[in-house]
Structure formats: structure tokens, C-alpha cells
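# Observations on the model geometry
Spelled out from the first residue to the last, the chains are:
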Amino acid sequence: MPSNTSRDGHTSDIVVERYLVESQKSAAHAPLACSAQHCAFPLDGNRLCVWSPSHQLLILQGHHQLITAVVFGNQADPLQLCSASQDYIILWNVVECREKTLEGLTPRGTILGSLLQKVLCLRFSLDDRAVAVCVGNKISVLDVEKQSVLVELQGHQGSVTAVEFCPWQAHTLISVSEDRSFKVWDYCEGSLIYSSSILTAYPLLNLLINEENRQLVTGSADGQLWIFSLMETYHYHCVAHVNLRKKNETFFTRRMTAGQCSLPEDSHYHSGHEEDKSGEAEATFPVLSLAHCDLCLPGSPCGVFSSDYTKCLWIGSSTALFILNLASFELEATLHFKEFQSLSVHIAGSCAVMREAISPKAFCILSSMFGNKIAVLEINLAALLSSQQYPGTGRTLQVLASGHVLPTSPLYFGIIKKKNSKPANTKRHAVKSVMEDRPLVFHTKIRSSGYTSAPHGTMFSPKTNIKHNSKRSSKCKNNYKCREYPLESFLPRNLIRQVAVAQEPVAVSCLQFSGDGQRLACGLANHLSLVFNASLSGIPAAFSGHDGAVNTVCWSHDMRWLLSTGRDQTLRVWSAHRTELVLLLAPESLPKPVTAAQFYYLDSFILLSSGPEFCLLKYHIDLCRDDIRRYKPKSRYKPIFRLALTGGADVSSLSAVNDFYSHIILTAGRDRTVEVFDLNAGCSAAVIAEVHSRPVHQICQNKGSSFTTQQSLAYNLFLTTAVGDGVRLWDLRTLRCVRRFEGHPNRCYPCGVAFSPCGRLMACGAEDRHAYVYEMGSSSFLYRLAGHTDTIAEVAFNPAAPQLTTATLDGKLQLFVAE
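## Considering the pairing of strand S25 (residues 331–336)
Counting buried positions along S25 gives six out of six residues, so the element sits mostly inside the fold. In terms of strand pairing, strand S24 (residues 320–325) meets S25 through five bridges, oriented antiparallel. Residue pairing for S25: Leu321 is matched across the bridge by Leu335. Following S24, the chain reverses through five residues before pairing antiparallel with S25; Phe329 in that reversal takes a positive phi of roughly 55°.

Dropping the structure here:
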């Protein structure tokens, strides 16, 4: 008998058991189906029930054997329902059957055929004119009007478990099987188009086609998901692989790290995950059902820049329901059945979820694995999402500095020192007074025009500055520097030059363009740093001094200085024009070796990481040297602030913006976390746990370029990458992953990533001798760049022109330009 459960506080706001019935036959693996307004399930084995929240229960009789497959049609008018057993395949018109029931008549369906075999799966075509019937390892496509078999498809080595018609290709059919592979068919020709390799050790159970992204999603019995691209040029390339058990653990860890405390007020809800981690650590979540889910609901978050970030996927399993974001491939919400004690079914044998949520509520139908109960659940999506939101930092973090520097900030110290040093008349006068007693032996002619007199106040008039700037700009002008960055032909595809950095193969460990896009610095494993021009022509300038491989190179904002760090545990600042050392940070200056370093806050500081902490250095570079003691530089530095990571792990990567004022510093730790620091407040602002399955080896921020403009919100995006775990795009405002890129092979070597100046592209290295370019709005790569001879270790976009430079482990630089 059907029954309704009572509401019990907070848990009833999330899920309510709207209908419950107990069958006379076992419901362990009963076939279930859902449409936008209806749910269908077999009752007592051979009776077909149609439940709707707005209509009475409809019972359809016509089968004599156990019903083994049920499916709704794709058209809303008329709404078709097809059911199959070993005796018949019957087609039902739901509206007509309901009208006949109200008239007191017995509704009848149309018999499409009698295969006299167990049907495992049914699926309608998009126009409901054909039905695919899966029997054993064979797929039969039936014509609904003629009630005849159009074609039979054979090729699977195991029973076919799911089948789908391709929405944009009328004659294409895709199937998955217990043989652990999927196949693509042309069912009009009766031919096989593509057959995949074996994906896993467990049978594939379900299949779904994402029409918007043109992707195929399939799930297996061990809780694995695979997403493949169905675009013609990608040849069924694997876009992502998802492990539900690991995603569930990561989701719970992040919530606990963020201090989540808004769970339902139920002791079982709080302790459920702890029991899982202790007693069911290796539990899997078989993929019993897949359905579309749209989270663009009133009052709910709608993504970063467009609704594309809210396209999600319902995943039904034996003990839980999951909502997976199809852009980031991260869980948006989980609903574990045993955490709600009011539910009658805690372990499901079958599951089906409403495909399109037309309201803030969705329906799910479950059949009990160890009983005869079948239940229909009503899920409040808004309540589910709000109960599992990350609490956040209490304020919105932004890369762009939105306020003045506080007096208590470590940045304030540097600004005050800078302001005090600007009126340097006394210091300059002191320098010149010392030079008064020196002989004029400088090997150059000096015009004597008041050399020993005091500086004039009108020496640098505005008119003089204008002339000086115009001359300087004319000298620096080249073919592309003074032009705006093109936003139409911005795809660097053509390889125009390949250069070897040394006579012997040597790995290139780092790349960076100067701010004007004219010079490219690269660090090598042979202790050298080289500076090429942007076209990779001519003889590069060499910077020699490190006793180990160079790990980092970084240009200053004014392009006068070049910073480098090496495995010799030193930090060096070079004069970019003189190619000589001007500042040295020796290994004994810090307790642990420097892992990353850069200029920060428009060259006001040097930011570096050492061990579990990062340090802020105030520095002064003095090029004036005594002719007798030229070996003794006068440049100096002073640590003014240091702060350790919250978890105490060593810093693996560091990033901050130097092209404009920003108070935000991003750090990655060996404990797989990313921590956000606000130097205006002088403390940690947020911690993101379980960023990757391995430690992050690079953080790349969207820093833009002086040659193009972006939306202010775009600067809050940053990339993280780890070996074997692809690349992820994060939004600093929400502290959440908004997209995931893992279509490139990167299993052993830490390959680099880079943003394009326009912010529309991301490039990354790979181990298959190709560089991959992605659009930010798609998880599938846009194109690949060939022509490399080894693993691509580093990539760098030119900030002034649509050019991409790649570096390989065998010491070669490749320059790609737009057409």
C-alpha cells in the first residue's frame, strides 16, 4: 500500500518520500524510468505503474511475464511509454490510457513485437518513431508505425546494457556493454563506425549523451565515469575520467576543511561519513542511472560568467545521489540515503532520476536492493545546495586591489619607504659631493656645464619629459609592439621557427616573456639563463653564475631586471642590459632552499618561498660601484614579512600579480592544498583542500597584458596543474573549480601551463610531443601543436602578439604564430 512519510525538521526540507509501495515480487533490480512529469515502475512483476505528482496512480496491465525494461518517449505530446518482458514489447500512450481509466475502461497498448528473450534495455529515437531493443549482445531497432524490425546490430562480446540515439546525427546509435567498451553504429546502414578499447575491469552500466557539449558519458559498476568527445575532429578523445569514491571523499574533505556546519540537525547525518571512512573506506558507487540536471534556479548560484557552468549531471548509485558539474567534473552536492532516517530505502538496487528539472524540485525513484519496496523521493534542489555550500571567507576575495593599504599591512612598510625615497635630492647631492673630489677619468667625454653645482629644480620640465618619452618610444618600436592585441586572429597555429638553446641536449625548465613582448627569458638545466628576442633570431644574451639548474626566471615590471633561482639554493637579480649580477641572495640567508621567487607589487618587493613559508623582501639595487672595489656590490635587501602555510607543508608553487597592485598571494603546498593570503590584512584568507590528487607544481594566474583589456572579474581566474591530474580552472571569488582540462597526457613530468593575454585560451605542455590549446569555455582541447621532438616542459604566450613559444626537454624552442 502507498504511504506518505511525515516531515521531520530540516531533513524534510531537502528530501521527502512522496510515494511508497511494496511489491509482491522482489524489487532488487526492477526497471525504472522517469520523464519530466512521470515515473514508471513494475508492480508485482508484470503490472506497469505510472506515477505523477499531479495525477492519480495509473496501472497498466498486458504483460504475463516479468517486466524487464521500461522507457519513456522523448516527445511530450503524445507521451509514449514502452515496456518489455519475455512475452511482449508493448507501446503505451499515457494520455489515452489515463482517459480510458477515468472512463472505467481497461487501457490497452500496442504490441510492437515478441522476441521471446529477456530485454535488458529500451530507448526511443528523438522523434519516437523507432525503438532500440537490447537483447543479449544484439541490438534490434524497431519501427514503431510498421511494427517491424529495421535492423539488427551485432558486435558486442557481452550483453548490451544501455543504448542512446545521437541527437545531432539522425542515423547514429551508441551502445555500451558488459564487455566494458562502447560502440558507435550507423543503424540505417547497419554498420559499425567506431569501437572503443576496454575501459575498465567492470561492466559498463549506463550511458548518456550531452548534446550541448557533444560528449558521451558512461558509467561502470565500480563507480567510474568516462567522458568522451563526440566531435568529428576529436576521434572519440577521452575528455575526463571521474572516480566517484574519490570525488565523494574530496567533497567531504573540502567541506570539513572549510568548517561546514550547516548540515541537517541529525546525528546520523554528521557521523555518516565518518562511518564510511572507517568501515567502508573502499566502498564503490555503481552507476545505476544518469540524467541531466540544470542548476540555474532562482536564488541559486549560476556559475562564473554564464549558465554553461551550471550544466550538471545526476548520478544515481546504490547508496547515494550525486550532482556532478560537467564543466569542472566536481561534485556540487551529494545525498546519501542512510543519512535521512525517514526514508524507507537506504540501499537501492535500481534508480532513476527526472531528466529535466522544470522546477526547483526533482523526483527520484528507488527500488530496494534487499526488499520489495519502491519509493518516489521529492528533492528540493535549492535546499540541498544551500545545505552543502562552502561557508566561504565571509567576504569576497578579488585580485584587483579595491582599497588603500592598511597601516598594519606589510605592504605599507614598502610604500612608506618608497615615498620617503622619492624626494632624493639630499641623497643625490650627497653622491655628487663625494664625486667632487674624484678625478674625471671615466674614459668618456663629459661636458662641463655646472657638474659641481647643485641640481636645478627645473631640470625635468614637462616639455623635456614629453620629448624624452617620444624619443624612447620611437627607439623601441617594432612590427607589433605598439599595436593592440588582435582579438580576431588570435590562434597561434603555424610553426615558423625552431631553435636549439645549446649544442648538446639540455632541458629548458622555465620560460617568461618580458612585459613588452620583445624578449624571452629561459632557464636551462646547464646553469645558464638565456634571453632571446621574441622572434628567436640572433644570438641570445647569456647570464652565467648559478651552480645548478635554473628553476625560475622572472622579469621585473620595468624590464630592467631579471630574477633567477637555481638548485644551488641561490637567488640572483641581473641587469637585463648589462647581463651582470646586481643582487645575490646566498643559501645561508634562508633556513631552507628557495623554491619559487618573483617580483611583486610593481617591483616594490621580491616575493619568494622557502620551506613551509613565503617571505617578502624589500630590496635596493645600486649600480654605482667603486672602480677599485668593483667586486663589492652595494645592492642590499631586507626581509620585512614572512608567513607559513596553515598546514605546515612545504610550498610547491607560488604566484602573485606584479603588473598592477594586488594584495593577493596564492601558494600551493605539498599537502595538495592551495592557500590564499591577503597581504593587506597580513594573514591567510582561505584554504582550498584536495586541489589535485598530487601536489600542485604550478599556479598560473590570469594576469592579462598591457596590450589588451579584459573584464575585471576575469583576473580572479587562476590555473593549477599536477602530474597525472590535468589542469583545473579556479575562481578566486567562490574558491571553487569551474572547469577541468585533462585531455592531454601528463603522467610523469611536470608540464607547464599559460594563459593567453586575452584570457580566452590556455596552453599546456604534454608528453606526446604536442602542445595543447584549450578554450576557457570547453573542456575539450581546441587544437594540438605538432613539430616537437620531446616532452613539452614549458609554454609561454607573447603579451604583445598572438604568439606561443614552447620548450622541450631536449633543449629546443618552438615559435608558433597566428595565420
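The rest of the description comes next.
## Points about helix H2 (residues 94–102)
Every buried residue of H2 is accounted for by Val94, Cys97 and Arg98. All buried residues of H2 project into a common sector of 100° when viewed along the axis, lining one side. Next to the buried residues of H2 lie strand S4 (47–52), strand S5 (55–61), strand S6 (67–72), strand S7 (80–85) and strand S8 (89–93). Its side-chain oxygen placed 3.2 Å from the backbone nitrogen of Val95, Asn93 serves as the N-cap of H2. Positive phi shows up at Gly104, right after H2, with a value of about 85°.

## Concerning the confidence of the model for the protein chain
The predicted model of the protein chain has a mean per-residue pLDDT of 85, with 83% of residues at 70 or higher. Long-range and interchain partners of residues 260–281, a stretch whose pLDDT sits below 50, account for 39 contacts in this model, where long-range means more than four residues apart. Counted against residues more than four places away or in other chains, residues 297–309, with its pLDDT under 50, gives 33 contacts.

## Things to note about the pattern of salt bridges
This model, assessed by the stated rule, comprises 21 salt bridges. Among the salt bridges present, the one from Arg18 reaches Glu378, with a minimum N-O distance of 2.2 Å. Placement of the pair is Arg18 in strand S1 (residues 15–22) and Glu378 in strand S28 (residues 373–380), with a sequence separation of 360 residues. Linking Glu613 and Arg642 is a salt bridge whose minimum nitrogen-to-oxygen distance equals 3.2 Å. You can see Glu613 sitting in strand S40 (residues 613–620) and its partner Arg642 sitting in strand S41 (residues 636–644), a full 29 residues away along the chain. Overall, Arg642 belongs to the partly exposed group, its relative accessible area being 36%.

Procedures and definitions
Residues numbered from 1 in each chain as written. Predicted model: local features only at pLDDT ≥ 70, side-chain atom pairs only at ≥ 80, totals over all residues. Heavy atoms only, no water. Buried < 20%, exposed > 50% of the residue type's maximum accessible area, 1.4 Å probe, protein only. Helix = DSSP H or I, 4+ residues; strand = E, 2+ residues; numbered from the N terminus. Pairing = 2+ DSSP bridges. Arc of directions from axis to C-beta. Contact = heavy atoms within 4.5 Å. Polar contact = N/O pair within 3.5 Å; in protein donor to acceptor, adjacent residues only side chain to side chain. pLDDT = per-residue confidence, 0-100. Salt bridge = Lys/Arg side-chain N within 4 Å of Asp/Glu carboxyl O.

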